[in-house]
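Structure at a glance
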Amino acid sequence: MISQKKYVVLSLELHLFFGRIMKEHSIFLEAGFTPKNADYAKKADSFKMRFEALLSNAVGISNGIIRPKVLSSGEIITDFTLGAEQKTQNLTGISINQNITMMEARLRSGYNEPITPEMVSSVKRINRDAKMLLDGLIAFKQDILDSVLSCNMFTVNYPLLIEHILREARLYRSYLENIEQGQDIDNIDIRQTELFWNQIMLEHALFIRGLLDPTENSLIQTSNDFAFEYGKLLLSAEQATDATIASITNATLKETIKYRDFKQAGTKGIAECKIRSIILPLLADHVLREANHYIRLLKMDERMM
């Protein structure tokens, strides 16, 4: 069983990363609907606002609590996040609460702050609310996917992207359940972590490739190359043994650092309107943060070996 302190820290760190990811999924879904499905757009906007409230609550009690390596990882926000939110709001007309990002930019790390019973109770409430909210969002995403696959709905989001964001929501939900059961999610089996995130990274490359303008030949080829490399890493992780997993983790870390640099350059290029694409600025920043998160997980496991 984890201590109360670890319970609070793991919960808040999880929400700071995944709570933002979920609110952005809601934005991407909302932006992708046509006028015929205005009711779905309205529901997506409602999920966005509810996840903003959840994230705001988590940020409000995270100061001095979260660990330095999490705060400095670039998984919570990046230097591009606020500008990406402003630009995406301007482009789509979808309101985005940028005060949360400014609050996060002022967060300081700690891990030495005393954990009070009131704080534990607050985190339990946030976790309970998050699970209920996730159950609703998962059902909503599944409904959209079913409608798209049965040709009863058109959205600009790929069916694979909807499956992709469903998997991420279910992972968030499962980690919350693990924490509530007293499990230390820092110690999740690295092979399972790599199987999940290598698939996510591979799909990011496919999405980037498909959302770039056809004239962006060099970027399309680079995206294709990353998809190929993550396909190989995925196969290696599937076949890994206890004796080989360390070398695979090291290779995955090196590849993901290269990929992070590519995503960072892409996020900057999209922000500066130097890349032809139909990629929302916030989507570019979103996939960059996920790469940063994965790098931290891989580095953490490297230290444990």
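Located above this text is the structure these notes cover.
Residues numbered from 1 in each chain as written. Predicted model: local features only at pLDDT ≥ 70, side-chain atom pairs only at ≥ 80, totals over all residues. Heavy atoms only, no water.

What to know about the overall build of the chain
Our working definition: Helix numbering and strand numbering both begin at the N terminus, where a helix is a DSSP run of H or I of at least 4 residues and a strand a DSSP run of E of at least 2. Using C-alpha atoms as the atom set, the radius of gyration is obtained and then compared with a globule rule of 2.2 Å times the number of residues to the power 0.38. Three exposure classes are used, based on accessible area relative to the maximum for each residue type with a 1.4 Å probe and protein chains only: buried under 20%, partly exposed in between, and exposed over 50%. Whether two residues are in contact is decided by their heavy atoms: any pair within 4.5 Å suffices. For the area figures, the Shrake-Rupley method with a 1.4 Å probe applies, and any residue is considered shielded solely by the protein chains shown. Counted as positive: Lys and Arg. Counted as negative: Asp and Glu, with His and the chain ends omitted from the count. Charge positions are represented by NZ for Lys, CZ for Arg, CG for Asp and CD for Glu.
Secondary structure assignment for the chain yields 11 helices and 0 strands. Ordered by position from N to C terminus, the α and β elements of the chain give α-α-α-α-α-α-α-α-α-α-α. The globule rule puts the C-alpha radius of gyration for 305 residues at 19 Å, and the 19 Å found for the chain is close to it. Across its three principal axes, the chain shows a C-alpha extent of roughly 55 × 45 × 40 Å. In the chain, buried positions account for 54% of the 305 residues. Within the chain, residue pairs in contact and separated by at least 24 positions form 85% of the contacts whose partners lie at least 6 positions apart. For the chain, the accessible area works out to roughly 13,700 Å², and carbon and sulfur atoms hold 54% of it. When the 36 basic and 38 acidic side-chain charges of the chain are each reduced to a single mean position, those positions are 3 Å apart.

A look at helix α10 (residues 245–271)
This is how it is decided: By this rule, a helix spans an expected 1.5 Å times one less than how many residues it contains.
Taking 1.5 Å per residue as the helical rise, α10 with its 27 residues ought to reach 39 Å, and the 38 Å between its terminal C-alpha atoms agrees with that figure. Directly after α10, the chain includes Cys273, whose backbone phi takes a positive value near 60°.

With respect to unusual backbone geometry
Even without glycine at this site, Cys151 takes up a positive phi of about 60°. Mapped onto the fold, Cys151 is located in the loop between α6 (117–149) and α7 (159–180). The class of Cys151 is exposed, set by a relative accessible area of 69%.

Some words on the nonpolar core
Worth spelling out the cut-off: Here the nonpolar core consists of buried residues drawn from Ala, Val, Leu, Ile, Met, Phe, Trp, Tyr and Cys, with membership extended through side-chain atoms lying within 4.5 Å.
Grouped together as the largest cluster of nonpolar side chains are 95 residues, with contacts concentrated most on Phe18, Tyr172 and Trp197. When residues of this core are traced back to their parent elements, those giving at least two are α1 (4–32), α2 (38–60), α6, α7, α8 (190–211), α9 (217–238), α10 and α11 (281–304). In terms of residue count, α1 provides more of this core than any other element does, 14 residues in total. Ignoring anything within four residues of it in the chain, the contact list for Tyr172 reads Leu14, His15, Phe18, Gly19, Met22, Phe51, Leu54, Ala130 and Leu134.

Digging into the pattern of salt bridges
We count it as follows: We define a salt bridge as a side-chain nitrogen of Lys or Arg found within 4 Å of a carboxyl oxygen belonging to Asp or Glu.
Across all of its chains, the model carries 23 salt bridges by this definition. What emerges from the salt-bridge pattern is a single network uniting Arg20, Lys23, Glu24, Glu52, Glu85, Glu104, Asp285 and Arg289.

Here we look at the environment of Asp45
Turning to its location among the elements, Asp45 is positioned in helix α2. Sequence-wise, Asp45 and Ile27 are 18 residues apart; in three dimensions their C-alpha atoms are separated by 6.8 Å. Setting aside residues no more than four positions away along its own chain, Asp45 makes contact with Glu30 and Ile94.

Some words on the packing of aromatic side chains
The line we're drawing: Whether two aromatic rings pair depends on their centres lying within 6.5 Å, for rings of Phe, Tyr and Trp, where Trp uses its six-membered ring; planes under 30 degrees apart make the pair stacked, over 60 edge-to-face, and the rest tilted. In our convention, an over-ring charge means Lys NZ or Arg CZ found within 6 Å of a ring centre and within 35 degrees of that ring's normal.
Applying the stated criterion across every chain yields a total of 13 aromatic pairs. Ring geometry for Phe226 and Phe262: centres 5.4 Å apart, planes at 40°, overall tilted. Here Phe226 is found in helix α9, whereas its partner Phe262 is found in helix α10, with 36 residues between them in sequence. Owing to a relative accessible area of 7%, Phe226 belongs among the buried residues under this scheme. A network of ring pairs unites the aromatic residues Phe17, Phe18, Tyr172, Phe196, Trp197 and Tyr294 as a single cluster. Its end group placed over the ring of Tyr259, Lys263 keeps NZ or CZ at 4.3 Å from the ring centre.

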